[in-house]
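Given next are the chains, with one letter for each unit.
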Amino acid sequence: MTYRLSGEITGVTGMRPSVTSSSVSCRALSLMLVSMAEDARQYWDTQAATFDEEPDHGLRSPDVRAAWADVLLPALASPPGRVADLGCGTGTIALLLAEAGYDVQGVDLSDAMVAAANAKMAAAGVAADLRQGDAAFPPFEPASFDVVLSRHVLWALDDPEAVLGRWIRLLRPEGRLVLIEGHWPDGSGITAARCRELVGVHRDQATVRLLADPRLWGHRISDERYLLVSQS
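Quick caveat: nothing in here was measured; it's all calculated off a predicted structure.

Draft legend 1. The arrangement of the environment of Asp108 in detail. Along the chain, the position of Asp108 falls in strand β2 (residues 103-108). Reaching out from Asp108, the side chain makes a polar contact with the backbone nitrogen of Cys88 at a distance of 3.5 Å. Among the polar contacts listed, one links the side chain of Asp108 to the backbone nitrogen of Gly89, at a separation of 2.8 Å.

As structure tokens, this is what we get:
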């Protein structure tokens, strides 16, 4: 989970300070960004306790969990591959992948989310390396992962084109970028066409699959939600 450079905190409205190089010194801008990051972290910390109550967040229903397994596992290289889960939240997807035999490492801006994720791993008896960190600047070595995966994170980041460049540099040759994103009725999110365009700046190939199956979300949807996979 992270924040927009414009000042909009993901999930928090009315927080859009004007930031321009002519009106703010480099040091002041740096301090403002630190403050925004702290605001975002605190917001998501408050959401951690109830985050899994949404069917597609907690995957507590066997039907919802099975639906996500059917979508994600065929999109990845065969285990045991190394997966970076960027914006891992409470670790539900990380757990799904770790149980399938993948070596999962993940980051999330929220300490409380990461604590919940690690508790979930411990309860399941599954190992995964999940830590606090900014998904926009993942603290991993280049060319060290077979899969970079992110779910409903890219749309909320400032300069997603640059973020995608950093994510793709984490991939080994033939590594896969796997994104779950959406475009919601209130206008937030990112369309599949725009997401494919952004990925296309860095890679030649990307396929999109619409995710309209109600089992994935616990209810019927009318907006655009999709899986994008790029392997080269």
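Draft legend 2. Layout of the packing of helix α3 (residues 62-72) against helix α4 (residues 92-99). Packing of α3 against α4 brings their axes to within 11 Å, and their N-to-C directions diverge by 70°. Relative to α4, the element α3 is oriented roughly perpendicular. Note that α3 runs across α4; the crossing there is right-handed. On the side of α3, the interface is formed by Arg65, Trp68, Ala69 and Leu72, while α4 contributes Ile93, Leu95, Leu96 and Glu99. The residue makeup of the contact of α3 with α4, split by class, is six nonpolar, no polar and two charged.

Draft legend 3. Molecular detail of the sheet that holds β2. Taken in spatial order, the seven strands line up as β3-β2-β1-β4-β5-β7-β6 in an open sheet, and their pairing is mixed. Looking at the sheet topology across the chains shown, the edges are occupied by β3 (129-132) and β6 (207-210). Averaged over all neighbouring strand pairs, the angle between strand axes comes to 15°, with direction disregarded. As paired strands, strand β5 (residues 171-183) and strand β7 (residues 224-230) are joined by seven bridges and run antiparallel to one another. When the bridges of β7 are listed, Leu179 appears paired with Leu228. Strands in contact with helix α5 (residues 111-124) are β2 and β3; relative to β3, the strand with the most contacts, it is inclined by about 165°. Against the sheet, helix α6 (residues 160-169) engages β1 (82-86), β4 (145-151) and β5, with an angle of about 140° to β5.

Draft legend 4. Representation of unusual backbone geometry in the model. Following Pro79, the chain continues to Pro80 via a peptide bond in cis, the omega torsion being 5°. One non-glycine residue, Ala143, adopts positive backbone phi at about 55°. Relative to the helices and strands, Ala143 is located in the loop between β3 and β4. In this structure Ala143 comes out as partly exposed when scored by relative accessible area, which is 41%. A positive phi angle is found at His152, which is not glycine, with a value near 55°. Position of His152 relative to the elements: it lies in the loop between β4 and α6.

Draft legend 5. Structural detail: α6. For α6, every residue scored as buried is listed here: Val163, Leu164, Gly165, Trp167 and Ile168. Check the buried side of α6 and you find it contacts β1, β4, β5 and α7 (192-200).

Draft legend 6. Structural detail: the side chain of Ser150. Its place among the elements puts Ser150 in strand β4. With relative accessibility at 0%, the residue Ser150 sits in the buried group. Ignoring anything within four residues of it in the chain, the contact list for Ser150 reads Leu86, Trp167, Val178, Leu179 and Ile180.

Draft legend 7. View of the nonpolar core. Counting 32 residues, the largest nonpolar core has Trp68, Leu72, Leu97, Leu149, Val178, Leu211 and Leu227 as the members making the most contacts within it. Of all the secondary structure elements, the ones that give two or more residues to this core are α3, α4, α5, β4, β5, α8 (214-217) and β7. In this structure, Val178 is in contact with Leu72, Ala75, Leu76, Val147, Val148, Leu149, Ser150, Leu227, Leu228 and Val229, ignoring residues within four places of it in sequence. With 30 residues, the next largest nonpolar core counts Trp155, Val163, Leu177 and Tyr226 among its residues.

Draft legend 8. Spotlight on the pattern of salt bridges. Taken as a whole, this structure holds eight salt bridges when the rule is applied. Ionic pairing is found between Arg82 and Asp103, a salt bridge with its closest N-O pair at 3.8 Å. Taken together, the residues Arg82 in strand β1 and Asp103 in strand β2 connect sequence positions 21 residues apart. For Asp129, the salt bridge identified is with Arg131, shortest N-O distance 2.6 Å.

Cut-off values and rules
- Sequence order sets the numbering: in each chain, residues are counted from 1 along the sequence as written.
- For a predicted model such as this one, the threshold for reporting local features is a pLDDT of at least 70, and the threshold for listing and counting side-chain atom pairs is 80 or more; totals across whole chains, interfaces and linings nevertheless cover every residue.
- Think of the side-chain values as coming from all heavy atoms in the structure, minus any hydrogens and water.
- The way it works is that DSSP assigns letters per residue, a run of H or I at least four long becomes a helix, a run of E at least two long becomes a strand, and they are numbered from the N terminus.
- Here a polar contact is taken to be a pair of N or O atoms separated by no more than 3.5 Å, where protein atoms must pair a possible hydrogen donor with a possible acceptor and residues adjacent in sequence count only if both atoms sit in side chains.
- To obtain an axis, a line is fitted to C-alpha atoms, over the contacting stretch when the element is a helix, and the angle between two such axes runs from 0 to 180 degrees between their N-to-C directions.
- Comment on the angle field: the value is read as roughly parallel under 35 degrees, roughly antiparallel over 145, roughly perpendicular from 65 to 115, and oblique elsewhere.
- Crossing chirality is assigned from the near helix's rotation relative to the far helix, an anticlockwise turn below a right angle marking it left-handed and a clockwise turn marking it right-handed.
- Note on contacts: a residue pair qualifies if any of its non-hydrogen atoms lie within 4.5 Å across the two residues.
- Each residue is assigned to one class: nonpolar for Ala, Val, Leu, Ile, Met, Phe, Trp, Tyr, Cys and Pro, charged for Asp, Glu, Lys and Arg, and polar for all the others, Gly among them.
- The pairing criterion for strands is at least two bridges between them, as found by DSSP.
- Partly exposed residues are those whose accessible area sits between 20% and 50% of the maximum for their type, while under 20% is buried and over 50% is exposed, using a 1.4 Å probe and protein chains only.
- As used here, the term nonpolar core means buried Ala, Val, Leu, Ile, Met, Phe, Trp, Tyr and Cys residues forming a set that is joined through side-chain atoms within 4.5 Å.
- For this document, the term salt bridge refers to a Lys or Arg side-chain nitrogen within 4 Å of an Asp or Glu carboxyl oxygen.

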